[in-house]
Amino acid sequence: MQFLKQIETADGISQSQTNTKPSTHGSPGDDVALREKYKGLIRQLPAKVYIDKLVEIYMRGLNWQYYPIDPDIFRQQLDEWNNLHFTVLSTAGPRGLSPDLRVFPAVLYQVIASALLLLPERPDPVFDALKYMGSMRFEDLATEYSDTGTAIVDLLGKKNLSLETVQAQFLRASFLKYTAKVTEAWHTISVAIRDAQDLGMHRDSFDPEPKDSSVESILENQWLIQRRRKMYTLLAVWDLNCAIILGRPGTVDWNQVLPTPPIDAPILTDRSKTPVVPRDETDRPTPVTRILWNVQLAKPLQAIQNLENEAPSVKDLTKVHQLHQSILDLHDKIPSAFRLDEPNTQWDDEPDMHWLQACRFYFAQLHQFGLMALHRSYVFHRKESRAEAIQASLRMLEIQRMTYQGLPPDTWRNYMLFFGSFDAIVLIASIYILFPHEHPELTGSVLQHFQWTVERFSAMQERNPLAKSAQGVLRAIVARFKKAIFNPAGSRGYTPSTDIKANAGRSTSGTTESTPESSSLGPTETFGYSQAPPADMTTGWMMPSAGNVAMLAPMFPMGDIIYNDLNVVQEGTTLPLATGGELEGIDGTGTSDFGWLFGGDLGDDTVWQMFNQFQSAGEVEGRVEIPGGGAS
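Residues numbered from 1 in each chain as written. Predicted model: local features only at pLDDT ≥ 70, side-chain atom pairs only at ≥ 80, totals over all residues. Heavy atoms only, no water.

Defined as follows: UniProt positions are given in the numbering used here, feature names are shortened, and annotations may be inferred rather than shown by experiment.
The chain goes by Xylanolytic transcriptional activator regulatory domain-containing protein in an unreviewed UniProt entry, where it is assigned to Neonectria punicea. Its UniProt record gives the chain the following Subcellular location (unreviewed entry) comment, quoted word for word: "Nucleus".

Next up, the structure:
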């Protein structure tokens, strides 16, 4: 049979035409198995008419967010794939293709899968034909396409990695994030980073060389280097942001030298005839402009991560002030087109600049998140950090409300509609529960934003699984917040000790300093606390000791939901979802959600366990069974 096939295809595609080296490893049987598996996977691609439409949906709706794909390069590869002779796949299989083209179907699968997520779940005269079961949703179809793209990457293995391999993995991680599989997305990004490092994308010294000395090859190679640097920058920024949000160590070490960021050059149509030249500052911004500003916002996060690796102490306060000021300075330097307040709108009406307005909300959220992340490790230690954390969290919730307004349900899957809201509410509520006498003037605004957030999560829950999973925890912690602020006599929090000598140098790190350092954000404050007053047994709100508060670990609410299965339970029953998004008893009289305990794989030093331990003594009769933590 092998001889017959060779005779039949003797005038077929030669090895020189395939632009690849012949296989020097594996048996003929292995080659046949690889070829047939590869053909079986690419057969599942939809027809060209559907692909073209879905590609346009992706390019307009999603690609601008990270810009992992250069549209001109992608369309060239798509044309090359569409014009590929079938005999190449029938005889040589994927080894008969260039490294870039053989993995291109994996990229294509991820593109069309992500585009399908933008389609509303209702009858569609065009794309319903892609469904092969009556009850199938577009999300089901998208998941199958994305899984198939991943199967192609896995089939090809690590022997012939290319930039497109890393692209496919980045797109897969994006898809997983869109479908609320954050853990899987985090792991996929880690794999993509390792593959990128295998390709030398993490060092300028590993940049590729031109194929020959022609001007065209030199210019194309310059653009290839920019594509590589852009992709690694995306991976590094995403890795750092996820690490800060989830409370996990990142894969990329930002303390080492990173590759040069990409050049913000105008988008071109022919890279073989134009050198890489930076755009003028007066020119309209590009998606690369967005990437580069994201890098600037990530730099304080790297410093925050370094601080979080150490236990909070008095000696950190100068660093906290410096980082706080650097974040404020960045806000003043933001490009005018990206400003939320008084932006430069001269390009807003251009058809291919539709993404500018969404960018403004995005960067405003990232700015507030930086302030939240900075101060969250210190809210149990210093009053100024509590004030800054509350203000940043309220601004985050307001920006989220503005982002949400006017958006159609088709966009509710967007991670940015959930990002920060849950963390902000947990942070605000925790501060008020433990320090209820601080900032009483803001409680009305806080309650209003809590109500709006619950309404948003309730409306988005069918399209945004993250919003659905967080609702029970959100209701339970808001109930505790209302209990604290509406029962001030029994909810007595902590006040910093005014006895400087008695409390000087006390910190969670156990380090003793002779004198406390002053805060750069306000009056001098130490890390010590006076003993909390005993609980008012008429209300039964049992407050923890001052020492327990000082020993609390920093909060990573998103990480707790994703990794530690944070939920609310009572006698094995999970708190039901809110109906209609209403917060009952907004005046403080309704506390039906208060008795629910926070469950999951929670450490003893977390704020969740503290809330469990200091439940209402009247409701739990002085003894609370703590999930994973015994009884109190």
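## A look at the overall build of the chain
Put simply, the test is: Labels follow the DSSP assignment, with helices taken as runs of H or I lasting at least four residues and strands as runs of E lasting at least two, numbered in each case from the N terminus. Remark: exposure states derive from per-residue accessible area (1.4 Å probe, protein chains only) relative to the maximum for the residue type, with buried under 20%, exposed over 50%, and partly exposed in between. Values of accessible area rely on a 1.4 Å probe in the Shrake-Rupley scheme; residue burial ignores everything except the protein chains shown.
Tallying secondary structure elements over the chain gives 23 helices and 5 strands in all. Taken across its 632 residues, the chain has 54% of its residues classed as buried. Surface summary for the chain: the accessible area is close to 27600 Å², and the carbon and sulfur share equals 53%.

## With respect to the packing of helix 7 (residues 99-116) against helix 8 (residues 138-156)
Using the following cut-off: With axes taken as lines fitted to C-alpha atoms, and helix axes fitted only over the stretch in contact, angles between N-to-C directions fall between 0 and 180 degrees. Each angle is binned into one of four classes, with values under 35 degrees roughly parallel, values over 145 roughly antiparallel, values of 65 to 115 roughly perpendicular, and all other values oblique. By the definition used in this description, the sense in which the near helix is turned from the far one sets the handedness, with an anticlockwise turn below a right angle giving left-handed and a clockwise turn giving right-handed. Only heavy atoms enter the contact rule, under which two residues are in contact if any of them lie within 4.5 Å. Side-chain classes are defined by residue name, with Ala, Val, Leu, Ile, Met, Phe, Trp, Tyr, Cys and Pro counting as nonpolar, Asp, Glu, Lys and Arg as charged, and the others, Gly among them, as polar.
Taken N-terminus to C-terminus, the directions of helix 7 and helix 8 make an angle of 160 degrees; their axes are 8 Å apart at the nearest point. Regarding the angle of helix 7 to helix 8, the classification is roughly antiparallel. Helix-helix and strand crossings are classified by hand; for helix 7 and helix 8 the assignment is left-handed. Within the contact between the two elements, helix 7 uses Arg102, Val103, Pro105, Ala106, Tyr109, Gln110, Ile112, Ala113 and Leu116 and helix 8 uses Phe138, Leu141, Ala142, Tyr145, Ser146, Thr148, Gly149, Thr150, Ile152, Val153 and Leu156. For the contact of helix 7 with helix 8, the class distribution of residues is 14 nonpolar, 5 polar and 1 charged.

## What to know about the environment of Ala429
The topology assignment puts Ala429 in helix 16 (residues 421-434). Setting aside residues up to four positions removed in sequence, Ala429 forms contacts with Phe450, Ile477 and Phe481.

## Remarks on the confidence of the model for the chain
Rule in force here: Known as pLDDT, the predictor's per-residue confidence is scaled from 0 to 100.
Across the chain, the average pLDDT comes to 80, with 76% of residues at or above 70. Predicted confidence for residues 489-541 stays below pLDDT 50, and this span has 135 contacts to residues more than four positions away or in other chains. Here residues 616-632 is a poorly scored stretch, pLDDT under 50, and it has 37 contacts once near neighbours within four places are set aside; other chains count.

## Comments concerning empty space enclosed by the protein
In plain terms, the rule: Space inside and on the surface of the protein is sampled on a 1 Å grid over the protein atoms alone, with a cavity defined as a set of points where a 1.4 Å probe fits but cannot get out and a pocket as an open set with protein on both sides within 12 Å along at least 5 of 7 lines; lining residues have an atom within 4 Å of a point. Grid points are joined across faces, edges and corners, and a volume is the space filled by probe spheres set on the points.
Tallied over the entire structure, the rule returns 8 cavities of 30 Å³ or more. Taken together, 23 residues line the largest cavity, and the ones lying closest to its centre are Tyr66, Lys177, Trp238, Asn241 and Cys242. When contributions to the lining of the largest cavity are tallied by element, the ones reaching two or more residues are helix 4 (63-66), helix 9 (163-178), helix 10 (182-198), helix 11 (215-246), helix 12 (287-308) and helix 14 (356-375). Among the residues making up the lining of the largest cavity, the classes are represented as 18 nonpolar, 3 polar and 2 charged. Volume-wise, the second largest cavity comes out at about 170 Å³. Every residue lining the second largest cavity is counted, 14 residues in all, and those nearest its centre are Asp70, Trp223, Ile263, Arg271 and Val288. When residues in the lining of the second largest cavity are grouped by element, the largest group, 4 residues, is from helix 11. Along the lines of polarity and charge, the residues of the lining of the second largest cavity split into 9 nonpolar, 1 polar and 4 charged.

## Details of the side chain of Gln365
Rule in force here: Polar contact is the term for a pair of N or O atoms within 3.5 Å; when the atoms are in protein, one must be able to donate a hydrogen and the other to accept it, and sequence-neighboring residues count only if both atoms are side-chain atoms.
If you trace the backbone, Gln365 turns up in helix 14. Owing to a relative accessible area of 1%, Gln365 belongs among the buried residues under this scheme. There is a polar contact of 3.3 Å between the side chain of Gln365 and the side chain of Gln400.

## Topic: the packing of aromatic side chains
Inclusion rule: Only centres within 6.5 Å qualify two rings of Phe, Tyr or Trp (six-membered ring in Trp) as a pair; their planes then separate them into stacked at under 30 degrees, edge-to-face at over 60, and tilted for everything else. Geometrically, a lysine NZ or arginine CZ counts as sitting over a ring once it is within 6 Å of the ring centre and also within 35 degrees of the ring normal.
Following the criterion strictly, the structure yields 13 aromatic pairs and no others. Their ring planes at 85 degrees and their centres at 5.1 Å tell us that Phe170 and Trp238 sit as a pair that is edge-to-face. Residue Phe170 is located in helix 9, and its partner Trp238 is located in helix 11; the two are separated by 68 residues in the primary sequence. Pair check on accessibility: Phe170 and Trp238 agree, each one buried. Put simply, the rings of Tyr66, Phe170 and Trp238 touch in pairs and so form one group of aromatic residues. In this structure, Lys177 packs its charged tip against the face of Trp238, placed 5.1 Å from the ring centre. Sitting above the plane of the Tyr362 ring, Arg290 keeps its charged end 4.2 Å from the centroid.

## Thoughts on helix 16
Owing to its 3.6 residues per turn, the α-helix brings residues three or four apart onto one side. Heads up, the condition is: Each residue after the first adds 1.5 Å to the expected span of a helix.
Along its 14 residues, helix 16 runs 20 Å from first to last C-alpha, staying within 8% of the 20 Å computed at 1.5 Å per residue. Most of helix 16 is tucked away, with 14 of its 14 residues classed as buried.

## Quick notes on the nonpolar core
Spelled out, the test is: Remark: nonpolar core denotes a set of buried residues (Ala, Val, Leu, Ile, Met, Phe, Trp, Tyr, Cys) joined through side-chain atoms within 4.5 Å.
With 163 residues, the main nonpolar core has Phe74, Ile477, Phe598 and Trp608 as its most contacted residues. At 13 residues, the largest contribution of residues to this core is made by helix 11. Once residues lying within four places of it in the same chain are set aside, the contact partners of Ile477 are Ile425, Val426, Ala429, Ser430, Ile433, Phe598, Trp608 and Phe611.

## Here we look at unusual backbone geometry
Even without a glycine there, the phi angle at Glu342 is positive, about 50 degrees. Along the chain, the position of Glu342 falls in the loop between helix 13 (317-333) and helix 14. With a phi angle near 55 degrees, Asp565 is a residue other than glycine that sits in the positive phi range. Mapped onto the secondary structure, Asp565 falls in the loop between helix 21 (557-563) and strand 1 (567-570).

## Quick look at the side chain of His375
Within the secondary structure layout, His375 lies in helix 14. One polar contact links His375 to His324, side chain to side chain, over a distance of 3.0 Å. Within polar-contact distance, the side chain of His375 engages the side chain of Ser385 at 3.0 Å.

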